[in-house]
Structure formats: structure tokens, C-alpha cells
Amino acid sequence: MKLFQRLIPLVSVALIVGACGTEPDGQSSATTGQSPSASSQVSAPSEVAVQEDLTFGMPFEVASLDPHRMNEETAVIALGNVYDTLVQIDPADPTKIIGRLATSWKINDDSTVFTLTIRDDAKFTTGNPVTADDVKFSLDRLWNLQASPSFILEGMQSVEVVDPQTVTITLAAPDAPFLSKLAFTMVAIVDSKVAKEHGAVSDETAVDQDKAEEFFNTTSIGSGAFTLASYAPNQELILNRNPDYWGGGPYVNRVIMKDVPESTVQRQLLERGEIDIAWSLDFETAKSLAGRSGMNVEFVPSINTLYMFFTAKPSVSNPISKSEVRRAIQRAINYDDVLALLDGHGRRPPTTIPAGVFGADTVEPVQENLDEARSLLAAAGYPDGFTVDVQYPELVRFNIDYTLIMTKIQADLQRIGIKLNLQPVAGTVFLDNYRAGNLAMGIGNWAPDYVDPDDWTGPFWSSKVNFLTKRTGYSNAEVDRLHSASIATPDQEERRAIYKQLQEIFLQDAAYFTVIQPDFILASATRVENYRIIYELRQVDFSTIKLK
Amino acid sequence: MLQYIARRVILSIPLILGVTLVAFLVTNLIPGDPMVRLLGEKTAENPVAVAAYAKKWGFDQPLPMRYLVYLKNLSQGDLGQSIETERPVLEDIREFFPATVELTIGAIGLAVLLGVPLGILAAVRRDSWIDHLARFLSLIGSSVPVFWLALIAIELLFVQLRLAPAPGRLATGMEPPDRITGLYTLDSLLTLRFDVFWSALAHLALPSMVLGASVLGLVSRMVRGSLLEVLNADYVRTARAKGLTERRVIVSHALRNALIPTVTVLGIVFAQLMAGAVLTETTFAWPGLGRYAARAAIGLDFSAIMGVSLLVGSLFVAVNLLVDVSYGLLDPRIRLS
């Protein structure tokens, strides 16, 4: 077992894959949406001057290259450029949904029927046109594979082909944010004809009858700006330019994604011009690079969050199960110091809904206030504080070391008499205990799956959705009622009012709160133009990137 | 001799079975749910998906049953499917192991090429500057953390002096040679792709040096120590008395005997490095077995952990056997029976 001793502590690979959500959406409100065809993306695919290769360095995370099975970062970034989705998040305003393969849509009054019109000029790289049949096949397959990304279509009842360019999606219950879920990379539209020829299945039997994964691992059958050229595990993934792309561009000839596990080595490669983009520099490395000639380092707002969670079960921890104690903890943390751990590159929203997401700004964040914290503790019957065991995973997430954050919080809470008995454990152990509902309090992370406040409301607070509440035992009938109302109404003003009410309860109950919303670090050579993270977090649009 | 080898091979079978059993128990008893890893936290809340995948991956069977199924598959050469890469473990090992073999050969090759002469010189010119230099080098090699050394080497030789190519196995975007052995240097020669050969060789140099540094110190100290010991032996005095040149005395008489402990140690180091040098591989973006094993351990990837344990167990058995056999070659007085 010598092997494991050496291995286990080694790589702090982010273990917790997949807790995700996305967000924006201010816009699903209207019953009709329109693709802003004025955007540069939809300019006619006239002659494009083909440029050199773009190289992109990141620690590889790939399990599958099947767009309906994948959920790892590298695969998602790569294939987001290979397969188109129906809609996308507006790069200019992440609270808006704009069209991609869909040119327009209609949503019925109670947000249960979504009718989308598919553009008629999009073709797969196989030569077949993109039709409503392909959309139906792709959505059905994603759901019926019951694989890691399938959850995004939870609640989808049926997909009907109305005519070759029109498709109707019917949901079991009202879900206004559903449109924004269609921007999720894995709601990828594949060529159904070719997929079926290679063993792809979309009906209920897909979970064990679908045999197309191997095919998808070596080939691509999308309509996106690039095609999958080759993949060598832990080495390189190469995308070739699709010269017939319907959306204009792409400009670079190939995108070569290189596996570079170490942040420092990413910096070194960037400095020497071996790579054009370094995906995951840590804050310290980014700081050392900022301002150097030939380098662009930008800190851009993300909607990733690190949050604290608390049990509502007295059997797990009597003090923590009292909301006064949780509010006291929330007021005993010095958030400026936390932000300083990130060199100031982050934000803090009032509740679990990240800053910048629709509805988040309807209430004000809680400030550090030790007197108030002490009186809250006294009101809960713990004037002298208490001691509590806190397990946390030894991870680095969003470039933040959990150990640093937890020791900081430990020191802060000490000031009001709460002693945290910190117990660092492996990520898998932590997740097991968290899922089993055994933890009094702790720290977790959340990256969006869809950009709507619902992604930080339903899974966190609603005991009907019962995702995190299953772990914390939290339940509040009023929250459940408001949450149901929030996804049933397409009216934005109405939704805003509901989120204000919800967030006021969140502040009062304090079952979770956001500790920090760290910025994302964009680092590239200055010859790279138009590099940005578009739509939701894990998408980078290579089709708009130009080299100077 | 052949009989001896055959007996050793047969005796190693229960040993390797034992390795599989221990690996199986440990990977199954440590906490952590592989289904969450496989399905993601959200889909893992869906009972339909969990049941379907438990069936697919065999998690619905009781533990002893799963072990028996594993052994049965193993007897047919099937190592199972990796959760992390969703490919057969055998295919993964075929993909990643050659990279580690190439790196290990490079590292040990460099260490022996430099370490043996250095050790000899240090012994012959004891307490001279070269002896001090050898001691200094071995101290550095064995005490400096390898990831630090790797980062410094990359900063100096790649970023600043531009002597070494970027981390990785080949130049960016270069197509790997057709797979024959999986060793890029060898395959590129066999397929006459000399540009690939030079690229592969150049990319191999720096990680080999870094990984070889710790071995170098070990080799030179071992050679020096054992050579000093035999230089005082009677037969060396006899050789000198016969009027042989000092060179002949050392190379033909003393060194052969002095190499025995070095070979033993090298064998063990070789097997250890073959198991994958995780830190070196990670820093140099080297797609080797070490990183694969590390990912498997973190991801509770049972089949992959079992596959790697089996491979590494077999390697140690094989290397020990080879070392024992080589004793006979180095010292004809040693008879294997």
C-alpha cells in the first residue's frame, strides 16, 4: 500500500465534480425571445483569413468526449466549440439568453411548453442539415442516458417535432428558468442520423443500450465552429477549424489544448510563448505575471461561490441548529480579511445567489459586527460560546486553498467564543459525510449549471428540490412556497419581488451563506484577441478568438 | 538456472494474488462513494441512474462475489474498465506505462552513466576535490524535493537559457509516431520519423535529469563505498602485486565485485520509478503511469487501482528475480539453486 500512501496526498484535484448551476436570466420573462442576429456571431460566413494555431494550457479533466455523457472541464470547454446548443448566454450581458441554433422561441403562460424555431442555415460537419429531429434525438438521449449531465433536463416530459424547423418541449411542472438550462454545454445537438448509425440510442433503453460512446470519443458530429481532430489522454486535444461554420469565423486554424497540470508551469509556458492561454493560474502566479510585457492578465467576475453550510438538525449539533447561532457566525467573520486572501479579487453577495445574478441585489449583505454576534449567541443560550467539530476537504477550489479559509474562519469565530475543532479530510470522505447529513457545519463550493437565481435557490433552500437540504435537514414551508412561485412566473418584476422575499428569509435562517465569490483569472499572450469566458463558467468560445 | 527461474516464477503467483486481494480490500473499504464520482453529485441523487450504473459497474454485487468476478476476468486478461477514463484499464496502462518506462530508462541511464564513473573517481581519489564534489551532488540529489528541482530546472533551462524544450513528451501539435512499443524514441526510429525522434529525445532530457538526480547520488555513493571496501581486499592486493596497471585492477577486478550492492539497489529503484514518479510526471506534464495511478486513487477508480497494483507487484517480483540472476553473472562464485 506504499503506492497509495505516496499517491493520496498528492494532487489536490478538485474532487467535487459537478455541483453546478448557471444563471442569468433576466430575460426568460418575455413569452417570446429573439436571437439578436445583429451580433457579430451571426455575420455571414464569408471568406475568413485563416490564422495560426491557438494553444491553450490547462490541467486535463476528461472522462468522456460524448457530449451527452461528459461533465469534466476540459471536455466541456473543447466540445462546447464542437457542438452547438439551442440557446446561449449573451456574452455581453450574462443575465440574457440569446439564440444559437434556435432563432426564436415561445413560452406558454405557465412556463410548461417551450416552442423553439431552429435556424435553417446550420449544417453538421457531416453535411446533414440541423433539423428538429436532431434536437429531439439529442435532448431525449441526454436525458435517457442518465449520465452525469442528465440532471439538467430533470422535469422534461416530452419533445415533439412540429415541423423540420420547429420543436416543442413540454415540462411536467412550471419552470421559467428552463430556457437558460438549454444553454448548458451538454444540451448539445448532434447529427442524429450518423449517431444512430454508430449505436446511439435516445429512448428509455439508452442507459444500457447506447453503444456510441467510443464513436464520440474519436469523432465529432456537431454543427459547431470546430471539429474534434485528435485526443491523446494527458497530452493534447486538438480541434480543427470548421470552414463551413454557419456562425462566422473561426479565425484560428486549430486549437491545441495541452495538458499542463501545474500552475507554475502554465506560467512558464505562457512566458515562453509555448501556449497562448493559461487556463488556471493561481492568484499568486497571476499577480507575478500581471504587468509583464507580452502578457494580458485580467481578473473577471465569476459566479462561482464558496459557501458555508450549517445543519438544522439538533441531533447533529444543538447550537448550530439554532438560526441565532448561525446568524452570529455570519456576523463574526471579517470578510475584508477573507478577500485579502485573494488579493482583493472577489466579491461577496448577500446570500447564496451570486453578485451579478438576477435578483441578488434585492437585499444588502450582512456586515461584521461582533457585538451583535455576541448578543445573538446569548439569545440562543450560548453566551460563552461552544466547541464544534468541523470537517473540511483538503482541496484547492477556484484557486483558493480551503485550509487557508477555514483557519481564517476559525480565528474569527474564536473572538465570540466559538471554537472550531478543524478536521481536514480527503475530498471523498468529506463528501460522503456531507451527503449523509453528518456534518454540523462546513465549507462547500458551487459552480453554476444554468444562469438563473433558481440554481442557487432550489438546490440550496427548497426541501422540495431536496438537494442540499437533504444534507442539512433545513426546511421552511414559506421558502418552499416562494420557490415554487419563483419558477412558475415568467414575469421578471414579479420574480424580482419573490427573490427579495426569499433572500430576506435566507438572511434570517442563515442555513447557508456565501463566504466569497472569487474572480476568474484570464491570462493570455497579448497576441490573443477576444479571449473571454462566455455564457456560463465553463465555456470558452474559440470561434471569436483572433491572433494579432 | 532455468529451473531456478521457473520455480521463482511459480512461487510469485500466490504473492501476486495476495497483492490483488489486499488492493481489492483496501480500495473497497476506504470511505468514499465511486458512484458520486461517476455520476456527479446531482445525478447521484437520481435513484434510477444510480441503480442502472451500479448494475453496469457491478457495485450491486456483494464484495466477495465482486472479487471472484474480478479474478475470473483477470484470468481472461480482462482488467476491467476505468471509471475515470471510461476505457479498459489494459488500454490505459498500454497508453501511460510506456511514457513512464521511457522516463525511467532515461533517468536510470543518466544516473548510471554519470554516477558509476563519479563513484569510481571518488573512491580512487578519496578526499580529493572530486570526492567532495560527488558527495555534494549526491546530497543535493537526495535531499532536494523533486518538484522544486523540476520547477527550477524548467525555469532555468527552458524559460531563461532556452536550452530545453517545453514540458511534455513532444513538441506542441506534433503527431506521435505510430504505436509499436509506445516508447516515442524507439517508435520514431522504427518508423523512420527522425524529426519526431529528436523532439522526443529532447523532451525526455530534462525530466530524466531531474528524476535521475536522486538516483545519481545513490549510485555514486554506493559505488564509492563498495569500491573502497574491495580495494583493501586481498585479491586486489594480489592483482596489484602481479603488476597489473591500476586501471586494470579497478575495472576488471575490483569494480565487478563492488557493483553487486549497486545492482541490488538499482533494481529496487528501477521498479519504484516504473510505478510512476507522480511529482516529476505532474510537473513535466508527462503522461505516465504515476499520474494515472494518482488520479485513480483519488477518484476511487477500483479497476484502475487494481490494474496498477497488479502491474507494480509483478514488476517488483520480476526485478527481484532479475537482480538475483544478475548476481550470478557478476560473481561466478554465486550459484543459483
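Everything below is about the structure shown above.
What this report covers is the structure whose coordinates are included nearby. (Residues numbered from 1 in each chain as written. Chains lettered and ligands numbered in written order. Predicted model: local features only at pLDDT ≥ 70, side-chain atom pairs only at ≥ 80, totals over all residues. Heavy atoms only, no water.)

## Description of the overall build of chain A
In terms of regular secondary structure, chain A is built from 18 helices and 27 strands. Compactness check: chain A gives a C-alpha radius of gyration of 24 Å against a globular reference of 24 Å for 548 residues, within 12% of the reference. Expressed along its principal axes, the backbone C-alpha trace of chain A runs to roughly 70 × 55 × 50 Å. Across the 548 residues in chain A, those meeting the buried criterion constitute 64%. The long-range fraction of contacts in chain A, counting pairs at least 24 apart against all pairs at least 6 apart in sequence, stands at 72%. Accessible surface computed for chain A: about 18,600 Å², of which carbon and sulfur atoms make up 47%. Taking the average location of the 46 positive side-chain charges in chain A and that of its 71 negative ones, the two points are 3 Å from each other. (Helix = DSSP H or I, 4+ residues; strand = E, 2+ residues; numbered from the N terminus. Rg over C-alpha atoms; globule rule 2.2 N^0.38 Å. Buried < 20%, exposed > 50% of the residue type's maximum accessible area, 1.4 Å probe, protein only. Contact = heavy atoms within 4.5 Å. Areas by Shrake-Rupley, 256 points an atom, 1.4 Å probe, with all protein chains shown as cover. Lys, Arg positive; Asp, Glu negative; His and termini not counted. Charge placed at Lys NZ, Arg CZ, Asp CG, Glu CD.)

## Things to note about the overall build of chain B
Across its full length, chain B holds 14 helices and zero strands. Scanning chain B from its N terminus toward the C terminus, one meets helices and strands in the order α-α-α-α-α-α-α-α-α-α-α-α-α-α. If one aligns the C-alpha atoms of chain B with their principal axes, the spans along those axes are about 85 × 55 × 40 Å. Residues counted as buried form 52% of the 337 residues belonging to chain B.

## Observations concerning the pattern of salt bridges
For the structure shown, the criterion picks out 45 salt bridges over all chains. Here A:Asp337 ties to A:Lys408 by a salt bridge, and the two come within 2.9 Å at their closest N and O atoms. In this pair, A:Asp337 sits in helix H11 (residues 335-340) while A:Lys408 sits in helix H13 (residues 402-414), placing the two residues 71 residues apart along the sequence. Overall, the relative accessible area of 34% leaves A:Asp337 in the partly exposed class. B:Asp33 is paired through a salt bridge with A:Arg435; the nearest N and O atoms lie 3.7 Å apart. Taken together, the residues span two chains, with B:Asp33 in the loop between helix H1 (2-29) and helix H2 (34-43) and A:Arg435 in helix H14 (residues 427-435). When its relative accessible area of 29% is taken as the criterion, B:Asp33 is described as partly exposed. Through salt bridges with shared partners, one network takes in A:Asp66, A:Arg69, A:Arg141, A:Asp210 and A:Glu213. (Salt bridge = Lys/Arg side-chain N within 4 Å of Asp/Glu carboxyl O.)

## Some thoughts on the packing of helix H4 (residues 63-75) of chain B against helix H14 (residues 302-330) of chain B
Residue and element names in this part refer to chain B. Two numbers describe how H4 lies on H14: the axes approach to 13 Å, and their chain directions differ by 55°. In terms of their interaxial angle, H4 and H14 are classed as oblique. Our pair here, H4 against H14, has a crossing hand that is right-handed. Mapping the contact onto sequence places Arg 66, Tyr 70 and Leu 74 in H4 and Phe 302, Met 306, Gly 307 and Leu 310 in H14. Grouping the constituent residues of the contact of H4 with H14 by class yields five nonpolar, one polar and one charged. (Axes fitted to C-alpha atoms, helices over the stretch in contact; angles between N-to-C directions. Parallel < 35°, antiparallel > 145°, perpendicular 65-115°, else oblique. Left-handed = near helix turned anticlockwise from the far one by under 90°. Nonpolar A, V, L, I, M, F, W, Y, C, P; charged D, E, K, R; others polar.)

## Considerations on the packing of aromatic side chains
Inspection of every chain in the model, using the stated rule, returns 30 aromatic pairs over all chains. A centroid spacing of 5.4 Å and a plane angle of 85° characterise the contact between A:Phe460 and A:Tyr512, whose relative ring orientation is edge-to-face. Of this pair, A:Phe460 sits in helix H15 (residues 458-461) while A:Tyr512 sits in strand E22 (residues 512-518), and the two are 52 residues apart along the sequence. The exposure class assigned to A:Phe460 is buried, which follows from its relative accessible area of 0%. Classification of A:Tyr512 by relative accessible area gives buried; the value is 1%. Taken together, the ring pairs in this structure connect A:Tyr307, A:Phe309, A:Phe430, A:Tyr434, A:Trp446, A:Phe460, A:Trp461, A:Phe467, A:Tyr474, A:Phe506 and A:Tyr512 into an aromatic cluster. Directly above the ring of A:Tyr434 sits A:Arg471, whose terminal nitrogen or CZ lies 4.6 Å from the centroid. Just above the ring of A:Phe467 sits the side chain of B:Lys42; from NZ or CZ to the centre is 5.9 Å. (Phe/Tyr/Trp six-rings, centres within 6.5 Å; stacked < 30°, edge-to-face > 60°. Lys NZ or Arg CZ within 6 Å of the ring centre and 35° of its normal.)

## Topic: the interface of chain A and chain B
The partner chain B presents 62 residues to the 66 residues of chain A that form the contact. Summed over both partners, the interface of chain A with chain B comes to about 5,200 Å²; 55% of that surface belongs to carbon and sulfur atoms. At the boundary of chain A with chain B, the tally comes to nine salt bridges. Here B:Lys42 ties to A:Asp455 by a salt bridge, and the two come within 3.5 Å at their closest N and O atoms. Where the side of chain A that touches chain B is concerned, the elements lending two or more residues are helix H1 (2-7), strand E1 (20-22), strand E11 (236-241), strand E12 (254-259), helix H8 (263-271), H14, strand E21 (441-451) and helix H16 (469-472) of chain A. Here the residues of the side of chain A that touches chain B are counted per class, giving 35 nonpolar, twelve polar and 19 charged. (Buried area = accessible area lost by both parts, 1.4 Å probe.)

## Focus: the sheet that holds strand E14 (residues 295-300) of chain A
All names here are of chain A. With mixed pairing, seven strands are arranged side by side in an open sheet as E10-E11-E12-E3-E13-E23-E14. In this open sheet, the two edge strands, each paired with only one partner strand, are strand E10 (226-232) and E14. In this sheet, strand E13 (residues 277-278) lies alongside strand E3 (residues 54-58) in parallel orientation, the contact comprising two bridges. In the sheet register, Gly 57 faces E13, and the bridge partner there is Ala 278. (Pairing = 2+ DSSP bridges.)

## Re the nonpolar core
A general feature of soluble globular proteins is that nonpolar side chains tend to end up buried together. Within the largest apolar cluster, 110 residues are counted, with the highest numbers of intra-cluster contacts made by A:Leu86, A:Leu116, A:Leu139, A:Leu182 and A:Phe542. With six residues, helix H3 (residues 132-144) of chain A is the single largest residue contributor to this core. Filtering out sequence-adjacent residues up to four positions away, A:Leu182 remains in contact with A:Thr85, A:Leu86, A:Val87, A:Leu116, A:Leu139, A:Leu153, A:Ile169 and A:Val187. Membership of the second largest hydrophobic core comes to 96 residues, among which are A:Leu420, A:Ala523, B:Ile108 and B:Leu227. (Core = buried A, V, L, I, M, F, W, Y, C linked by side-chain atoms within 4.5 Å.)

## Some points on unusual backbone geometry
Note that the residue after A:Gly249, namely A:Pro250, is joined by a cis bond; omega there is -10°. Looking at the element boundaries, A:Pro250 is found in the loop between E11 and E12.

## Considering the side chain of B:Thr20
Mapped onto the fold, B:Thr20 is located in helix H1. The class of B:Thr20 is buried, set by a relative accessible area of 2%.

## Regarding the environment of A:Thr218
All names here are of chain A. Looking at where Thr 218 falls in the secondary structure, it is placed in helix H7 (residues 213-218). When the C-alpha atoms of Thr 218 and Arg 69 are compared, they prove to be 14 Å apart, with 149 residues separating the residues in sequence. Here the side chain of Thr 218 touches Thr 219 through a polar contact of 3.4 Å, side chain to side chain. (Polar contact = N/O pair within 3.5 Å; in protein donor to acceptor, adjacent residues only side chain to side chain.)

## Description of helix H7 (residues 146-160) of chain B
Residues and elements named next belong to chain B. Counted at 1.5 Å a residue, the expected span for H7 with its 15 residues is 21 Å, and the 20 Å between its end C-alpha atoms agrees. Taken residue by residue, H7 has Ala 150, Leu 151, Ala 153, Ile 154, Leu 157, Phe 158 and Val 159 as its buried positions. Downstream of H7 by one or two residues, Arg 162 has phi in the positive range, about 60°. (Expected span 1.5 Å × (residues − 1).)

## A short note on the layout of surface pockets
Residues and elements named next belong to chain A. Considered as a void within the structure, the second largest pocket measures approximately 650 Å³ in volume. Along the wall of the second largest pocket there are 27 residues; nearest its centre are Phe 151, Glu 154, Lys 181, Tyr 450 and Val 465. Looking at the lining of the second largest pocket, the elements that each hand over two or more residues are H15 and helix H17 (477-488). Examining the composition of the lining of the second largest pocket, we find that four residues originate from one element, H17, more than from any other. (1 Å grid on protein atoms, 1.4 Å probe; cavity = no way out; pocket = protein on both sides within 12 Å on 5 of 7 lines; lining within 4 Å. Points joined across faces, edges and corners; volume = space filled by probe spheres on them.)

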